[in-house]
Amino acid sequence: MEGQIKALNYLPDTIGICQGDTFRIKFPDDLVSKTATYQWTTDYAIIVHAKQLDVHKKGRYIVRIYDGKKTLMDTTFVKFNERPKVNFRDTVICNGSPLVLNTKNKSYKYTWNNVETSDNIRVHKPGKYWIKVSNKGCTVTDTFRVQGSTGVVPNFGKEYLVCESESNKQLSIKAPS
C-alpha cells in the first residue's frame, strides 16, 4: 500500500458558510495516528503541519494526511452564501391605519413573530415585532417597535381646494405661537 493514496471521503463535497464567517475544517482524533502530518492545498497557499484549517475564503481545499505508510486524501469546495440584510426601524402608525412591512427579497425565507412566513406582513396595532430572515443557513433577526398615535387633524379654518391645473394659487399656513 506504500505510495498509494486512499480517498478519505470524510469532508462533504461542498461546504456553504455565511459571508464574513470562518469555518474550521478539523478531523477527529481517532481518524489517524497522533504522529500523522497534514498538508493542505488551497487556491491561495500550501499549508503544512496543520491538523485543522480555519477557512475564510471560497475555493477548493485539499488535504493530504501522511500516516506512516499510508496517505489519505480528501477534498471539499467552500462557498460563501450571502448574509441577509434586514433593518426595520421603529415607527409610528396612526390608530386604525395598517402598515405594510415588506422585505423586498423573495428569495430568502422569513419567519415573523406572528409565525407568518411571507416576505411582507400587515401591521394593524402597536407592539414589538421581529423577523427572522434565512438564506441557505445564514440567518439574521431584527426586532423593532411600532407605536400608535391618534394623529393630528389640522384645522386651517376655511378650507380651500387647490387643483394642479391652477398654478397661480398659493397656500400659506401659519402655525400658532
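Conventions and cut-offs
- Residues numbered from 1 in each chain as written.
- Predicted model: local features only at pLDDT ≥ 70, side-chain atom pairs only at ≥ 80, totals over all residues.
- Heavy atoms only, no water.
- Disulfide = S-S within 2.5 Å.
- Helix = DSSP H or I, 4+ residues; strand = E, 2+ residues; numbered from the N terminus.
- Buried < 20%, exposed > 50% of the residue type's maximum accessible area, 1.4 Å probe, protein only.
- Core = buried A, V, L, I, M, F, W, Y, C linked by side-chain atoms within 4.5 Å.
- Contact = heavy atoms within 4.5 Å.
- Salt bridge = Lys/Arg side-chain N within 4 Å of Asp/Glu carboxyl O.

Here we take up the state of the cysteines. What the rule picks out here adds up to one disulfide. Here Cys18 pairs with Cys138 through a disulfide, and the sulfurs are 2.2 Å apart. The S-S bond linking Cys18 to Cys138 shows a torsion near -120 degrees; that makes this disulfide left-handed. On the criterion of sequence distance, the pair formed by Cys18 in strand E2 (residues 14–18) and Cys138 in strand E14 (residues 138–149) is long-range, its members being 120 residues apart. Of the two residues, Cys18 and Cys138, both sit in the buried class.

Turning our eyes to something else, we now look at the nonpolar core. The nonpolar side chains of soluble globular proteins are, as a tendency, buried together. If you look at the biggest cluster of nonpolar residues, it comprises 18 residues, and the most contacted ones within it are Phe27, Tyr38, Trp40 and Ile65. When contributions to this core are tallied by element, the ones reaching two or more residues are E2, strand E4 (37–42), strand E6 (52–55), strand E7 (59–67) and strand E8 (70–81). Counting residues per element, this core draws most heavily on E7, which supplies three residues. What Trp40 contacts, discounting residues up to four positions off in sequence, is Ile25, Phe27, Ala45, Ile46, Ile47, Ala50, Lys51, Gln52, Leu53, Ile62 and Val63.

This paragraph deals with the pattern of salt bridges. Taken as a whole and assessed by the stated rule, the structure comprises three salt bridges. The salt bridge partner of Arg83 is Asp21, with a shortest N-O separation of 2.5 Å. Pair noted here: Arg83 is in the loop between E8 and strand E9 (91–94) and Asp21 is in the loop between E2 and strand E3 (23–26), with a separation of 62 residues, a long-range link. Asp54 serves as the salt-bridge partner of Arg24, at 2.7 Å between the closest nitrogen and oxygen. Here Arg24, found in strand E3, pairs with Asp54, found in strand E6; they are 30 residues apart in sequence, far enough to count as distant.

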